[in-house]
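Single-letter residue listing:
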Amino acid sequence: MLLPRGGMAAIVGRIASDLGPALRLESPVVRIEDGSGETPAVVHTAAGQALRGAEVSLALRAPAQASLLADSHAATAAALRAVGYVPMVVIAVGFRREDAPAIPAGFGFLRGRGCAARILGATFNSQLNPATAPEGCELLTAFLGGSEDPAALDLDDSAVRDIVLGDLAAALGGAVRPAMVHIARHAQAIPLFSPGHRGRMAAANAALSGARLRLLGSHVTGVSLNDCCRPAAPLAGPLPAGLTRL
Ligand SMILES: Cc1cc2nc3c(=O)[nH]c(=O)nc-3n(C[C@H](O)[C@H](O)[C@H](O)COP(=O)(O)OP(=O)(O)OC[C@H]3O[C@@H](n4cnc5c(N)ncnc54)[C@H](O)[C@@H]3O)c2cc1C
């Protein structure tokens, strides 16, 4: 397992600092003009910028790609609109060690089939990386939802909290009295790779190649962060002297 020093936010922070002023936040893409031959593609943002690119990589979720391509590439947009996603509620639970049973050293646990728990499982973040919790404290992340429990997305905060603390108590063998509970809801958390999905995404990309556009994102590359990042290396071009591509 790979754990970035400083947590996942360190990856985003490093990319942002390397990009510097080239990074434009709060300016979503609202329209794309196809390129062709010697003509670059043009990306229009809500902030009124027009950015030209020899090649444009669209690393958005499938529904956002579909709406940008709806007018110019209707068949590709339809294939993207058909990509399904499962919803997920992600719950971070922080507590002092004396306020819970001892957390086993390890990654965490996944719920088995037929188990009475509603959470899908939990990761033991501070066991994997002590820097994720203050001294004397633990941080766990629990997950609710998925394809078999989409209604979890509609639960209010207090219901989510009750379910998570109840299931954690059962799994750990004693009550957890949290100092902090943080709940994040993701309606489109993880794309579904239904039969034929990879072929449909490859065909969608092939249909765009003449327009100087490329589809990326977890529904195209694969879901893990490694899979999402892998296509970046060949796109980035030659590395500066002294650096090695891993
Ligand atoms: C709960 C959960 C746990 C996970 N755990 C792990 C794990 O432990 N290890 C692992 O490897 N992977 C994990 N994953 C998977 C991984 O995090 C995701 O697959 C990956 O982050 C998806 O990246 P992405 O770039 O495809 O999509 P996103 O991260 O969704 O990026 C798409 C971006 O496009 C932006 N956008 C949308 N519309 C526009 C527009 N019009 N103009 C400009 N920008 C726009 C959005 O704001 C967003 O920032 C997890 C995923 C979930 C949901």
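Residues numbered from 1 in each chain as written. Predicted model: local features only at pLDDT ≥ 70, side-chain atom pairs only at ≥ 80, totals over all residues. Heavy atoms only, no water.

Enquirer: Could you give an account of the domain arrangement of the protein, with specific residues and numbers?
Expert: By the assigned domains, the protein splits into domain 1 (9-83 + 193-236) and domain 2 (85-191). The C-alpha centroid of domain 2 is placed 32 Å from the C-alpha centroid of domain 1. Where domain 1 abuts domain 2, roughly 570 Å² becomes buried across the two surfaces, and 59% of that area is made up of carbon and sulfur atoms. Linking domain 1 with domain 2 are zero salt bridges, by the criterion used here. Inspection of the domain 1/domain 2 interface yields one residue pair in polar contact (both at pLDDT 80 or more). Taken together, the residues of the side of domain 1 that touches domain 2 break down into five nonpolar, two polar and one charged. (Domains from an automatic or database assignment. Buried area = accessible area lost by both parts, 1.4 Å probe. Salt bridge = Lys/Arg side-chain N within 4 Å of Asp/Glu carboxyl O. Polar contact = N/O pair within 3.5 Å; in protein donor to acceptor, adjacent residues only side chain to side chain. Nonpolar A, V, L, I, M, F, W, Y, C, P; charged D, E, K, R; others polar.)

Enquirer: Tell me what's going on with the packing of helix H2 (residues 62-69) against helix H3 (residues 74-81), and back it up with residues and numbers.
Expert: Their axes nearest at 8 Å, the elements H2 and H3 cross at an angle of 160 degrees. Relative to H3, the element H2 is oriented roughly antiparallel. Helix-helix and strand crossings are classified by hand; for H2 and H3 the assignment is left-handed. Between H2 and H3, the contacting residues are Ala62, Gln65, Ala66 and Leu69 on the first element and Ala74, Thr76, Ala77, Leu80 and Arg81 on the second. Partitioning the contact of H2 with H3 into residue classes produces six nonpolar, two polar and one charged. (Axes fitted to C-alpha atoms, helices over the stretch in contact; angles between N-to-C directions. Helix = DSSP H or I, 4+ residues; strand = E, 2+ residues; numbered from the N terminus. Parallel < 35°, antiparallel > 145°, perpendicular 65-115°, else oblique. Left-handed = near helix turned anticlockwise from the far one by under 90°. Contact = heavy atoms within 4.5 Å.)

Enquirer: Describe the pattern of salt bridges, listing the residues and the values that go with them.
Expert: On inspection of all chains with the given rule, the structure shows 10 salt bridges. For Glu33, the salt bridge goes to Arg31, with nearest N and O atoms at 3.9 Å. When its relative accessible area of 43% is taken as the criterion, Arg31 is described as partly exposed. For Asp227, the salt bridge is made with Arg230, and the minimal N-O distance between the two is 2.7 Å. It is possible to trace a salt-bridge network through shared partners that takes in Arg96, Asp99 and Arg177. (Buried < 20%, exposed > 50% of the residue type's maximum accessible area, 1.4 Å probe, protein only.)

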